[in-house]
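Chain residues, written in single-letter form:
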Amino acid sequence: SQQGEEDPQALSIQEGENATMNCSYKTSINNLQWYRQNSGRGLVHLILIRSNEREKHSGRLRVTLDTSKKSSSLLITASRAADTASYFCATVGRGDDKIIFGKGTRLHILP
Amino acid sequence: NAGVTQTPKFRVLKTGQSMTLLCAQDMNHEYMYWYRQDPGMGLRLIHYSVGEGTTAKGEVPDGYNVSRLKKQNFLLGLESAAPSQTSVYFCASSYASIGAGFSSTDTQYFGPGTRLTVL
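Here is what the cut-offs are and how they apply
- Residues numbered from 1 in each chain as written.
- Chains lettered and ligands numbered in written order.
- Predicted model: local features only at pLDDT ≥ 70, side-chain atom pairs only at ≥ 80, totals over all residues.
- Heavy atoms only, no water.
- Helix = DSSP H or I, 4+ residues; strand = E, 2+ residues; numbered from the N terminus.
- Rg over C-alpha atoms; globule rule 2.2 N^0.38 Å.
- Buried < 20%, exposed > 50% of the residue type's maximum accessible area, 1.4 Å probe, protein only.
- Contact = heavy atoms within 4.5 Å.
- Areas by Shrake-Rupley, 256 points an atom, 1.4 Å probe, with all protein chains shown as cover.
- Lys, Arg positive; Asp, Glu negative; His and termini not counted.
- Charge placed at Lys NZ, Arg CZ, Asp CG, Glu CD.
- Pairing = 2+ DSSP bridges.
- Axes fitted to C-alpha atoms, helices over the stretch in contact; angles between N-to-C directions.
- Disulfide = S-S within 2.5 Å.
- Phe/Tyr/Trp six-rings, centres within 6.5 Å; stacked < 30°, edge-to-face > 60°.
- Salt bridge = Lys/Arg side-chain N within 4 Å of Asp/Glu carboxyl O.

A.B. asks: Could you give an account of the overall build of chain B, naming the residues involved and the relevant values?
C.D. replies: Scanning chain B for helices and strands turns up one helix and eleven strands. Put simply, chain B runs from its N terminus to its C terminus through helices and strands in the order β-β-β-β-β-β-β-β-β-α-β-β. For chain B, whose C-alpha radius of gyration is 14 Å, the value lies close to the compact-globule estimate of 14 Å for 119 residues. Its C-alpha atoms give chain B principal-axis dimensions of about 40 × 30 × 25 Å. Across the 119 residues that make up chain B, the buried fraction comes to 50%. Sequence separation of 24 or more characterises 56% of the internal contacts of chain B that already satisfy a separation of 6 or more. A total of about 5,400 Å² of accessible surface is found on chain B, and carbon and sulfur atoms cover 54% of it. Within chain B, the 8 negative side-chain charges are centred at a point lying 9 Å from the centre of the 10 positive side-chain charges.

Okay, here's the thing in structure tokens:
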């Protein structure tokens, strides 16, 4: 069964606005990762946050992790048309060699 | 440096036919994975390998077999295709165990995908 569940399933915002996507998971994790998938393409890794970290930044991306609530959020600031894509959270359990993906959030940036 | 490549890009099969999907990586990665992605779903892990000569089952292994005879290649086989196997298949690789928690080594790199239709 899938571990991460993203919320919302779909999101449309105006270019320049911030986009926030949330991910909830069920069991203890080693790390949580966010990926982007453009239409018809493979996934691209965005950022990884370890279970002992609370926040990480990468360019316009900010990821937070709350292990007590078993949730994470991905914030994209100053959105651009090129950010239109599906975003997936993925979790790696403690001692696991594999990663479990959620169903994703479809983000559409309106011009 | 081509990264992760997949062959073929598209394929149409009839029920009962067999085929093999090839994944190749030129990054000297130890770990390789096969996923399937269905509409409205995330990726589901079919099989994976933690090194040459090893394979392990993932979340949805039934109806698929894999082999990792060479470190750079990971093959996914369908012995008797069924319509339920219509999907987009993605291969991925990583340098080390993604359980290590280090972005530099356990990021997964994905191929472009193979769109398979089983009639």
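A.B. asks: A description of the sheet that holds strand β3 (residues 19–24) of chain A should follow, citing residues and the corresponding values.
C.D. replies: All names here are of chain A. If you walk across this open sheet you meet the five strands as β1-β3-β8-β7-β6, and the pairing is antiparallel. Since the sheet does not close on itself, it has two edges, and those belong to β1 (5–7) and β6 (55–58), each with one partner. Shown here is a sheet whose adjacent strand axes are inclined to one another by a mean of 20 degrees, direction ignored.

A.B. asks: Can you lay out the state of the cysteines for me, pointing to particular residues and giving the numbers?
C.D. replies: Residues and elements named next belong to chain B. Under the counting rule described, the total for this entry stands at two disulfides over all chains. With a sulfur-sulfur separation of 1.8 Å, C23 is cross-linked through a disulfide to C91. One quick way to see it: the torsion about the S-S bond of C23 and C91 is about -75 degrees, and its sign makes the bridge left-handed. Taken as a pair, C23 in strand β3 (residues 19–25) and C91 in strand β9 (residues 87–94) lie far apart in primary sequence, 68 residues in all. When sorted by exposure, C23 lands in the same class as C91, which is buried.

A.B. asks: An account of the packing of aromatic side chains is requested, with residue identities and associated values reported.
C.D. replies: Residue and element names in this part refer to chain B. The tally for this structure, following the rule as stated, stands at eight aromatic pairs over all chains. Taking 5.7 Å as the distance between ring centres and 35 degrees as the angle between the ring planes, the aromatic pair formed by Y35 and F110 counts as tilted. In this pair, Y35 is assigned in strand β4 (residues 31–37) and F110 in strand β10 (residues 109–110), connecting sequence segments 75 residues apart. Here Y64 and Y89 contribute two aromatic rings whose centre-to-centre distance is 5.8 Å and whose plane-to-plane angle is 65 degrees, an arrangement assigned as edge-to-face. Taken together, the residues Y64 in the loop between β6 (56–57) and β7 (65–67) and Y89 in strand β9 connect sequence positions 25 residues apart. There is no split in this pair, since Y64 and Y89 are both buried.

A.B. asks: Explain the sheet that holds strand β1 (residues 4–7) of chain B to me, using residue names and the numbers behind them.
C.D. replies: Strands pair in a sheet through their backbones, by hydrogen bonds, and they do so in one of two ways: parallel or antiparallel. All names here are of chain B. Read from one edge to the other, the open sheet built from four strands follows the order β1-β3-β8-β7, with strand pairing classed as antiparallel. What marks the edges here is a single partner per strand, and that holds for β1 and β7. The average undirected angle you get between the axes of adjacent strands in this sheet is 20 degrees. Inspection of the sheet shows β3 paired to strand β8 (residues 73–78) by six bridges, in the antiparallel sense. Bridge pairing in β8 links L21 to L76.

A.B. asks: How would you explain the pattern of salt bridges if you had to name every residue and give the values?
C.D. replies: Going through the model one piece at a time under the given rule, you end up with five salt bridges over all chains. One salt bridge connects R36 of chain B with D38 of chain B, and the closest N-O pair in it is separated by 3.0 Å.

A.B. asks: Describe the pairing of strand β11 (residues 105–110) of chain A, listing the residues and the values that go with them.
C.D. replies: All names here are of chain A. Burial along β11 is one-sided: the face carrying T105, L107 and I109 is buried and the face carrying R106, H108 and L110 is not. The pairing of strand β2 (residues 10–14) with β11 spans five bridges and is classified as parallel. Paired with Q14 across the bridge in β11 is L110. Bridge count between strand β9 (residues 85–93) and β11: three bridges; the pairing is antiparallel. Paired with Y87 across the strands is T105, a residue of β11.

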